[in-house]
Amino acid sequence: RMYKRQMIRRRDIDNLNVPFLAIYESLIPPEEEKVKQRQLLALLEKLVNKEWPKAQLFIYGSCANSFGVSKSDIDICLAIEEANMEKSDILMKLADILQSDNLQNVQALTRARVPIVKLMDPATGISCDICINNLLAVVNTKLLRDYAQIDARLRQLAFIIKHWTKSRGVNETYHGTLSSYAYVLMCIHFLQQRRPAILPCLQEMESTYSVNVDNVNCAYFDKVGRLADFGRPNKETIAQLVWGFFYYWAYCHDYANSVISVRTGSIISKREKDWTRRVGNDRHLICIEDPFEISHDLGRVVDKRSIKVLREEFERAADIMQYDPNPCVKLFEPY
Ligand code: CTP
Ligand code: MG
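Residues numbered from 1 in each chain as written. Chains lettered and ligands numbered in written order. Predicted model: local features only at pLDDT ≥ 70, side-chain atom pairs only at ≥ 80, totals over all residues. Heavy atoms only, no water.

**Digging into the overall build of the chain**
Keep this limit in mind: Working definition: helices are DSSP H or I runs of at least four residues, strands are E runs of at least two. Numbering for both runs from the N terminus. Only C-alpha atoms enter the radius of gyration; for comparison, a globular chain is expected to reach 2.2 Å times N to the power 0.38, where N is the number of residues. For the exposure calls, accessible area comes from a 1.4 Å probe over protein chains only, and a residue counts as buried if that area is under 20% of its type's maximum, exposed if over 50%, partly exposed in between. Residues count as neighbours in contact if any of their non-hydrogen atoms are within 4.5 Å of one another.
When you go through the chain residue by residue, the secondary structure sums to ten helices and ten strands. In terms of overall dimensions, the chain is globule-like: its C-alpha atoms have a radius of gyration of 21 Å, near the 20 Å expected for 335 residues. Taken along the three principal axes of its C-alpha coordinates, the chain extends 60 × 45 × 45 Å. Looking at the chain as a whole, 53% of its 335 residues are labelled buried. For the chain, the share of sequence-separated contacts (at least 6 apart) that also reach a separation of at least 24 residues comes to 65%.

**Some words on the packing of aromatic side chains**
Short version of the rule: Between rings of Phe, Tyr and Trp, where Trp is taken as its six-membered ring, a pair exists when centres lie within 6.5 Å; planes separated by under 30 degrees are stacked, by over 60 edge-to-face, and by other angles tilted.
One pass over the full model with this rule turns up 13 aromatic pairs. Between Tyr24 and Phe159, the aromatic rings sit 5.3 Å apart at their centres with planes inclined by 75°, giving edge-to-face as the arrangement. Here the residue Tyr24 occupies a position in helix H1 (residues 17-27), and Phe159 occupies one in helix H5 (residues 152-168), the gap between them amounting to 135 residues. Accessibility classification places Tyr24 together with Phe159 in one group, the buried group. An angle of 75° between the planes, with centres 5.2 Å apart, marks the rings of Tyr248 and Trp249 as edge-to-face. Looking at Tyr248, the relative accessible area reads 13%, which means it is buried.

**Some thoughts on the site of ligand 1**
The criterion, for reference: Being near a molecule or strand, for a residue, means having at least one of its heavy atoms within 4 Å of it. We define a polar contact as two N or O atoms separated by no more than 3.5 Å, with the added condition that, inside protein, one atom must be a possible hydrogen donor and the other a possible acceptor, whereas residues neighbouring each other in sequence contribute only through side-chain atom pairs. Reported accessibility uses the Shrake-Rupley method at a 1.4 Å probe radius. Residues are deemed covered only where the shown protein chains occlude them.
What surrounds ligand 1 is a group of 15 residues, the closest being Ser62, Asn140, Lys162, Lys166 and Ser180. Measuring from an oxygen atom of ligand 1, one finds a backbone N or O atom of Ala137 at 3.2 Å. Lys166 is positioned with one of its side-chain polar atoms (N or O) 2.6 Å from an oxygen atom of ligand 1. Taken by itself ligand 1 offers 580 Å² of open surface, and the protein chains cover 76% of this. Taken together, the elements giving at least two residues each to the shell around ligand 1 come down to helix H4 (135-150), H5 and helix H6 (180-193).

**Description of the sheet that holds strand S5 (residues 126-132)**
Quick reminder of the rule: Here, any two strands with at least 2 DSSP bridges between them count as paired. For every element, the axis is a line fit to its C-alpha atoms; helices are fit only across the contacting stretch, and the angle between N-to-C directions ranges from 0 to 180 degrees.
Spatial strand order, S1-S2-S5-S4-S3: five strands in an open sheet with mixed pairing. Among the strands making up the open sheet, the edge pair consists of strand S1 (56-60) and strand S3 (104-109). Each strand axis lies, on average, 25° off the axis of its neighbour in the sheet, ignoring direction. Taken together, the four bridges between S3 and strand S4 (residues 116-121) define a ladder with antiparallel strand orientation. Paired with Gln107 across the two strands is Lys118, which belongs to S4. Set on the sheet, H4 makes contact with S1 and strand S2 (74-79); between it and S1 the angle comes to about 50°.

**So, H5**
Three- or four-residue spacings in an α-helix give side chains the same orientation, since the helix completes a turn every 3.6 residues. Applicable threshold: Between the first and last residue of a helix there are one fewer steps than residues, each counted as 1.5 Å, and that sum is the expected span.
Compared with an ideal rise of 1.5 Å per residue, which puts 17 residues at 24 Å, H5 spans 25 Å between its outermost C-alpha atoms and is within 8% of the ideal. For H5, the buried fraction is high: 13 of the 17 residues fall into the buried class.

**Notes on unusual backbone geometry**
At the junction of Arg195 and Pro196, the peptide bond is cis and its omega measures out at -5° in the coordinates. Among the structural elements, Pro196 can be located in the loop between H6 and strand S6 (209-213). Located in the positive-phi region is Asn215, a residue other than glycine, with phi close to 65°. Turning to its location among the elements, Asn215 is positioned in the loop between S6 and strand S7 (216-220).

**Side note on the sheet that holds strand S9 (residues 266-269)**
The strand order across the open sheet built from three strands is S9-S8-S10, with neighbouring strands paired in mixed fashion. Taken across any chain shown, the strands that pair with only one partner, and hence form the sheet edges, are S9 and strand S10 (287-289). Neighbour-to-neighbour, the strand axes of the sheet open up by a mean angle of 35°, direction not taken into account. Alignment of strand S8 (residues 258-261) against S10, held across three bridges, turns out to be parallel. Residue Ile260 lies in a different strand from S10, and its bridge partner there is Ile288. In the packing of H6 onto the sheet, contacts are made with S8, S9 and S10, and the angle to S8 comes to roughly 90°.

**Structural notes on the confidence of the model for the chain**
Heads up, the rule is: How sure the predictor is of each residue is captured by pLDDT, a score from 0 to 100.
Averaged over all residues, the pLDDT of the chain equals 95, while 98% of them reach at least 70. Predicted as a complex, the structure gets a pTM of 0.97 and an ipTM equal to 0.98.

**Topic: the pattern of salt bridges**
Put simply, the rule reads: Salt bridges are defined as contacts in which a side-chain nitrogen from Lys or Arg sits within 4 Å of a carboxyl oxygen from Asp or Glu.
Counted under the stated rule, the structure contains 15 salt bridges. A salt bridge links Arg10 to Asp12, with the shortest nitrogen-to-oxygen separation between them at 2.6 Å. A relative accessible area of 34% places Asp12 in the partly exposed class. Salt-bridge contacts for Arg277 lead to Asp274; the nearest nitrogen and oxygen are separated by 3.0 Å. Given the relative accessible area of 44%, Arg277 is considered partly exposed.

**Regarding the side chain of Arg168**
For Arg168, the location among the structural elements is in helix H5. A distance of 2.9 Å separates the side chain of Arg168 from the side chain of Glu313, its partner in a polar contact.

So this is what it looks like as structure tokens:
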């Protein structure tokens, strides 16, 4: 299945830069959304600190990692040291505190895989999920945001890929397809692999940022302002990269043996990670190593049926990029 099709240069590929960039621009959230998010965060902080003066709130996920499209819900993490309280009790209490104000639909989901409190703020129209002490997510959010600052093509590519995943229905972890977080890591990996490389591997560089979270040392080079010229030698355009991305996942990735690893900036073997067979529900059919929780395979949600769906979608997209007269329409056609 690998290298089944040769990538033939399509001479008109660069005609697609303008329409792809237009899609990207149309997805960028307007500044007033950011203002509203900060307002809501300030309100929540005020309410939370009345009960827990030392607790802190952090925005993570798409509203903070710079890969969020317009109208995203916000993901918030409550950092709190309550040694004597069960997480589910903290969540119930939190729901209580927030209920008393004029927030709507406040619900504690204590039995979800990631337990959260959900709510909607009528003043701003924003919905949010609040989880407890998920500080690794806060740190990986910073990593993604730092990568995005190095080369503008990452954010452009990731927006277009996320838009594609949502149009094609392959961004649903409960149906066995991948999270947005996984797709952004696939984009970063892809740009680390280009020659010349468009992104460096920040975790392999001298660390200027280092924190310990849940017994994991998270360290990397975060002075990304110094890397503004890193991607310059590579002149590939966004249209070429979108095509290259689909081609890579359709025909170049070795699903049987390889793990993609943003942490090392390369491919590592499944054997090395002992991800060669099914363990419990983890089938390891497509392997994406989390940059900090390195025992986490973000592809673990993928099963025998959905791996087929995913690979067929990558092939469909690669073929459209190769042959279709109007790829920008066909690519995003609802499934
Ligand atoms: N996350 C994680 N591990 C996962 C999935 C998610 O740590 N297996 C964390 C990441 O910090 C990620 C955040 O949860 O940034 C939100 O994940 P997700 O909803 O997949 O990504 P978003 O960027 O919020 O995308 P969307 O716009 O689709 O909501
Ligand atoms: Mg999200």
